[in-house]
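Coordinate analysis (summary)
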Amino acid sequence: MRKLGSKLAFGLLAAGLATTGCQNGDLTGSGGPSFAVLPSPGTGNGVANFEEFELCKYGSSATFSYSVTTYGGAGKTLPGAPQTGTISLNDGECRIVALYGGFGADVTVSETGAQSGFHLDRIDVSVIDGGGTTKTSNVAQPVTEFISGTGGGGLRGALAEFFNVANPSEGGEGCTPGYWKVEQHFDSWPAGYLPGDLFSKYFEDAFPGKTLLFVLWQGGGGLNALGRHAVSALLNAASSGVDYDLSVQQVIDGFNGVFPGGDYEGQKNIFAGFNEQTCPLN
């Protein structure tokens, strides 16, 4: 999705959307359409853009409800009830919920249902305005953000990213960092995974130049503890001999979703809970 260069360009877009069933209105008093709500949301790009509210889902599929309240001059609410609807997103999918120029709108979203076996872990919200983009992690739902065009005193847009994780299961299998890091267990490493592989081959580069084995041997809490359990989770998920609760991609998404600056302790605890189950190897 491109960033909008002017209200004229946005008005033309909204007018085009009107021909496909979108609801349009005049927020500026100029007589021209300046916003569009998308009952059939448009594809997003995972980036906060001016004059749009974008929603992304990671970790599992999920359904959402949304509500859009539009405004005229001086914060005046336009006539009519808020426009509401539902959206279903797959893992890794992003959709534009609403596009607004003029004085803008409040957009509210909530996750109402997750794929079986998963639950909502955290929400990150990025807001773009004249000062740049600001990202906030661990936002509570419902998420409400204001988006606007120049009629609202300045361009503004928002991106809401919802992350899901697998529910802990009873009777699963997993091996700890202490198991995977010792030489006598190197023969248990899954095919294609080597102790000398760089951590950055699989995850965000949280430990520049460090190998999987080095990260397993690191002491300490915080990011180091998360790294140890992320490597263990990766090996457990990739192993054909371990009935692990997460897939390789879910492990990678879990780590990358909190790095940098996210809830390291919370994600470490999730990985540790799975890694510290019964180890069936050797």
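A brief structural summary. Quantities reported herein were computed from a predicted structural model and do not represent experimental measurements.

**Brief notes about the layout of surface pockets**
Considered as a void within the structure, the largest pocket measures approximately 250 Å³ in volume. Along the walls of the largest pocket sit 17 residues, with Arg122, Lys135, Phe163, Asn256 and Gly257 positioned nearest its centre. Secondary-structure elements contributing two or more residues to the lining of the largest pocket are strand 8 (118–129), strand 11 (157–166) and helix 5 (248–258). Sort the elements by how many residues they give to the lining of the largest pocket and helix 5 lands first, with 4 residues. The residue makeup of the lining of the largest pocket, split by class, is 5 nonpolar, 6 polar and 6 charged.

**Examining the sheet that holds strand 10 (residues 143–147)**
If you walk across this open sheet you meet the 4 strands as 5-4-7-10, and the pairing is antiparallel. The open sheet terminates on both sides in strands that have one partner only, identified here as strand 5 (83–89) and strand 10. Averaged over all adjacent pairs, the angle separating strand axes in this sheet is 25°, with direction ignored. As defined by bridge partners, strand 4 (residues 62–70) adjoins strand 5 across 7 bridges and the pair is classed as antiparallel. Bridge pairing links Val68 to Gln83 in strand 5.

**With respect to the nonpolar core**
Among the nonpolar cores identified, the biggest contains 37 residues, and Trp180, Phe199, Phe203, Leu223, Tyr244, Val251 and Phe255 are the most heavily contacted of them. Contributing elements (two or more residues each) for this core: strand 11, helix 2 (177–180), helix 3 (212–217), helix 4 (222–238), helix 5 and helix 6 (264–275). It is helix 4 that contributes the most residues to this core, 8 residues altogether. Excluding residues within four positions of it along the chain, Trp180 makes contact with Cys175, Phe186, Ser188, Trp189, Pro190, Leu216, Ser232, Leu235, Asn236, Ser239 and Leu281. Counting 22 residues, the second-largest nonpolar core is a separate cluster that includes Ile87, Ala98, Ala105 and Ala160.

**Overview of empty space enclosed by the protein**
According to the stated counting rule, one finds 1 cavity of 30 Å³ or more in the structure shown. For the lining of the largest cavity, the elements supplying multiple residues, two or more each, are strand 8, strand 11, helix 5 and helix 6. The element best represented in the lining of the largest cavity is strand 11, accounting for 4 residues.

The rules behind each value
Residues numbered from 1 in each chain as written. Predicted model: local features only at pLDDT ≥ 70, side-chain atom pairs only at ≥ 80, totals over all residues. Heavy atoms only, no water. 1 Å grid on protein atoms, 1.4 Å probe; cavity = no way out; pocket = protein on both sides within 12 Å on 5 of 7 lines; lining within 4 Å. Points joined across faces, edges and corners; volume = space filled by probe spheres on them. Helix = DSSP H or I, 4+ residues; strand = E, 2+ residues; numbered from the N terminus. Nonpolar A, V, L, I, M, F, W, Y, C, P; charged D, E, K, R; others polar. Pairing = 2+ DSSP bridges. Axes fitted to C-alpha atoms, helices over the stretch in contact; angles between N-to-C directions. Core = buried A, V, L, I, M, F, W, Y, C linked by side-chain atoms within 4.5 Å. Buried < 20%, exposed > 50% of the residue type's maximum accessible area, 1.4 Å probe, protein only. Contact = heavy atoms within 4.5 Å.

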